[in-house]
Amino acid sequence: MIDRELAALAKLSEDHGFRVAVVAFPVSFQVQADFLERTPQARLERRATALGFPFLDLLPLLREHRGEELFFDQAHLVASANALVARRIVEFLQSQVLPSVRPCS
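About the criteria used
- Residues numbered from 1 in each chain as written.
- Predicted model: local features only at pLDDT ≥ 70, side-chain atom pairs only at ≥ 80, totals over all residues.
- Heavy atoms only, no water.
- Helix = DSSP H or I, 4+ residues; strand = E, 2+ residues; numbered from the N terminus.
- Contact = heavy atoms within 4.5 Å.
- Areas by Shrake-Rupley, 256 points an atom, 1.4 Å probe, with all protein chains shown as cover.
- Lys, Arg positive; Asp, Glu negative; His and termini not counted.
- Charge placed at Lys NZ, Arg CZ, Asp CG, Glu CD.
- Salt bridge = Lys/Arg side-chain N within 4 Å of Asp/Glu carboxyl O.
- Buried < 20%, exposed > 50% of the residue type's maximum accessible area, 1.4 Å probe, protein only.
- Core = buried A, V, L, I, M, F, W, Y, C linked by side-chain atoms within 4.5 Å.
- Expected span 1.5 Å × (residues − 1).
- Arc of directions from axis to C-beta.

Asker: I keep staring at the overall build of the protein and nothing clicks. Help me out?
Answerer: A count of helices and strands for the protein gives 5 helices and 2 strands. Across the protein, helices and strands are ordered from the amino to the carboxyl terminus as α-β-α-α-β-α-α. Dimensions of the protein, computed from C-alpha atoms along their principal axes, come out at roughly 45 × 30 × 20 Å. A fraction of 64% describes how many contacts in the protein between residues 6 or more apart in sequence connect residues 24 or more apart. Taken as a whole, the protein presents about 7,100 Å² of accessible surface, with 56% of it coming from carbon and sulfur. Computed over 12 positive and 13 negative side-chain charges, the separation of the two mean positions in the protein equals 6 Å.

Asker: Hey, could you run me through the pattern of salt bridges in this one?
Answerer: Where side chains of opposite charge bring their charged atoms close, a pairing between them can arise. Enumeration over the complete set of coordinates arrives at 6 salt bridges. One salt bridge connects E5 with R4, and the closest N-O pair in it is separated by 3.7 Å. With a relative accessible area of 41%, E5 lands in the partly exposed category. For R4, a relative accessible area of 54% puts it in the exposed group. Note that D15 is salt-bridged to K11, the shortest N-O span being 2.8 Å. Within this pair, D15 and its partner K11 are both found in helix α1 (residues 2-16), separated by 4 residues, close to a single helical turn. We classify D15 as partly exposed; its relative accessible area is 45%. The exposure class assigned to K11 is partly exposed, which follows from its relative accessible area of 49%. One connected set of salt bridges, linked through shared partners, spans R38, E45 and D57.

Asker: Would you mind showing me how to read the nonpolar core here?
Answerer: The nonpolar side chains of soluble globular proteins are, as a tendency, buried together. Core analysis: the largest hydrophobic core is formed by 15 residues, its most contacted members being V31, L62, L70, F71, L77 and V85. For this core, the elements supplying multiple residues, two or more each, are α4 (59-64) and α5 (79-97). The element that contributes the greatest number of residues to this core is α5, accounting for 5 residues. Residues in contact with F71, not counting those within four places in the same chain, are P26, V27, S28, V31, L62, H76, L77 and V78. Judged by nonpolar contacts, the second largest core, of 8 residues, contains L6, A10, V22 and F55.

Asker: Can you help me understand α1 in this one?
Answerer: An α-helical segment advances 3.6 residues per turn. Residues three or four places apart therefore align on the same side. Over its 15 residues, α1 extends 21 Å from the first C-alpha to the last, a length consistent with the 21 Å expected when each residue adds 1.5 Å. Residues of α1 that are buried: L6, A10 and S13. All buried residues of α1 lie within an arc of 65° about the axis, which places them on one face of the element. Residues of α1 that are exposed and angled more than 90 degrees away from the buried face: R4 and H16. Tucked inside the fold, the buried residues of α1 contact α3 (39-50).

Written out as structure tokens, the structure reads:
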């Protein structure tokens, strides 16, 4: 199902001239675990990059900060983690997405 939806998104972006970027948000157990488990992110990354979508995996960033309070629950970040993630997404967009965006004519 995800392949069909990503393909539809790729078609829409081509038809309407917008760029798609994919950001993968991990759940808390992936961040806090003593072992690295990024299978869902790896699968999504393969699918996204095959379609030419820039891809950002937030798992490495959050694992760097795993000693800090990051999550309210298994999936929702606290404010300080949201700020951390927002900075990384801005960097990603500036370096990977915006340089290739053409101005509207």
